[in-house]
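Residue-level structural notes
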Amino acid sequence: MGQFSWKYADQKNRSALKLYGKAYVPCPDGSVIYEGSYGCYGMFGVYDIYELVAEWNRAYISEDNIEKPLRASNPEQDDIYYQAAMKRYQFQCRRLRDFISGKSDNEMEELYGDDWKRNIGIDIALGNEKNAALKYPIKICKEKPDCYESLPASKRDPYQGR
């Protein structure tokens with residue numbers, strides 16, 4: 001499990017959520033999740049932020065949300081890397097299509113393992129541009145927010161909460 005940290009949307013993405021800091025996650029349905037001591041692993045309360053962002057955007061995402069690998073300028077040197085990256089991309093697209101099509105959580109887990117939904121969330125929301133492009137991006141706040149819609153998407157903290 002990787003470490004993840006963001007800048008606070010309600011602070012205009014100027015200050016970052018630090019290790020063991022408090023945070024609020026506004027949700028598109030109007031609810032708010034509170035985390036009193038963030039451990040930098042994407043868990044807010046009992047929720048995985050990447051599972052949430054996948055679920056929030058299920059009806060609005062497509063394979064266009066997954067970054068397709070590009071061939072390097074020297075294909076002979078990078079062919080092995082490119083072929084492996086393309087296999088990974090095809091797997092990500094197949095998993096996303098199955099999710100969008102409405103396969104049950106049990107079917108998805110059987111096909112793609114325990115962290116399938118988290119991995120879809122990472123595929124579609126990891127990175128400032130990818131997150132901001134979503135209909136319902138990740139938004140992390142320092143203070144309890146009044147509403148989801150008025151906030152910008154949170155940007156990644158390049159220092160990972162340190």
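In case you missed it, the structure is sitting above this.
The structure contained in this document is the topic of the report that follows. (Residues numbered from 1 in each chain as written. Predicted model: local features only at pLDDT ≥ 70, side-chain atom pairs only at ≥ 80, totals over all residues. Heavy atoms only, no water.)

Of all the 10 residues making up helix α4 (residues 116-125), nine are buried; the element is thus mostly covered by neighbouring parts of the structure. Those residues of α4 that fall on the buried side of the exposure criterion are W116, K117, R118, I120, G121, I122, D123, I124 and A125. (Buried < 20%, exposed > 50% of the residue type's maximum accessible area, 1.4 Å probe, protein only. Helix = DSSP H or I, 4+ residues; strand = E, 2+ residues; numbered from the N terminus.)

Another aspect to go through is the environment of C141. As for its position among the elements, C141 is in the segment after α5 (128-133). Setting aside residues no more than four positions away along its own chain, C141 makes contact with Y8, D10, A23, Y24, P26 and L151. (Contact = heavy atoms within 4.5 Å.)

Across soluble globular proteins, nonpolar side chains show a tendency to be buried alongside one another. Residues W6, F44, I49, Y50, F99, I138 and I140 are the most contacted members of the largest nonpolar core, which totals 35 residues. When residues of this core are traced back to their parent elements, those giving at least two are β1 (23-26), α1 (49-56), α2 (75-100), α3 (105-112) and α4. Once you skip the residues sitting within four places of it in the chain, F44 turns out to touch W6, L17, A23, V25, I33, E35, Y38, I49 and I140. (Core = buried A, V, L, I, M, F, W, Y, C linked by side-chain atoms within 4.5 Å.)

Here we take up unusual backbone geometry. Residues other than glycine seldom take positive phi values, yet K12 does so here, at roughly 60°. Note on placement: K12 falls in the segment before β1.

What follows covers the pairing of β1. With burial as the criterion, each face of β1 is covered, one bearing A23 and V25 and the other bearing Y24 and P26. Counting the residues between successive antiparallel strands, the hairpin from β1 to strand β2 (residues 32-35) contains five residues, one of them, G30, with a positive phi of roughly 100°. (Pairing = 2+ DSSP bridges.)

What follows concerns the packing of aromatic side chains. Centre-to-centre distance and the angle between the planes together describe a pair of aromatic rings. Here the structure, examined in full by the defined rule, presents 12 aromatic pairs. Between F4 and W6, the ring centres sit 6.5 Å apart and the planes meet at 20°, which makes this aromatic pair stacked. Its relative accessible area of 1% is what places W6 among the buried residues. Within the aromatic cluster, the residues linked to one another by ring pairs are F4, W6, Y38, F44 and Y50. A cation sits over an aromatic face here: K135 above Y60, 5.2 Å from the ring centre. The positively charged end of K139 is found above the aromatic ring belonging to Y148, 3.9 Å away from the centroid. (Phe/Tyr/Trp six-rings, centres within 6.5 Å; stacked < 30°, edge-to-face > 60°. Lys NZ or Arg CZ within 6 Å of the ring centre and 35° of its normal.)

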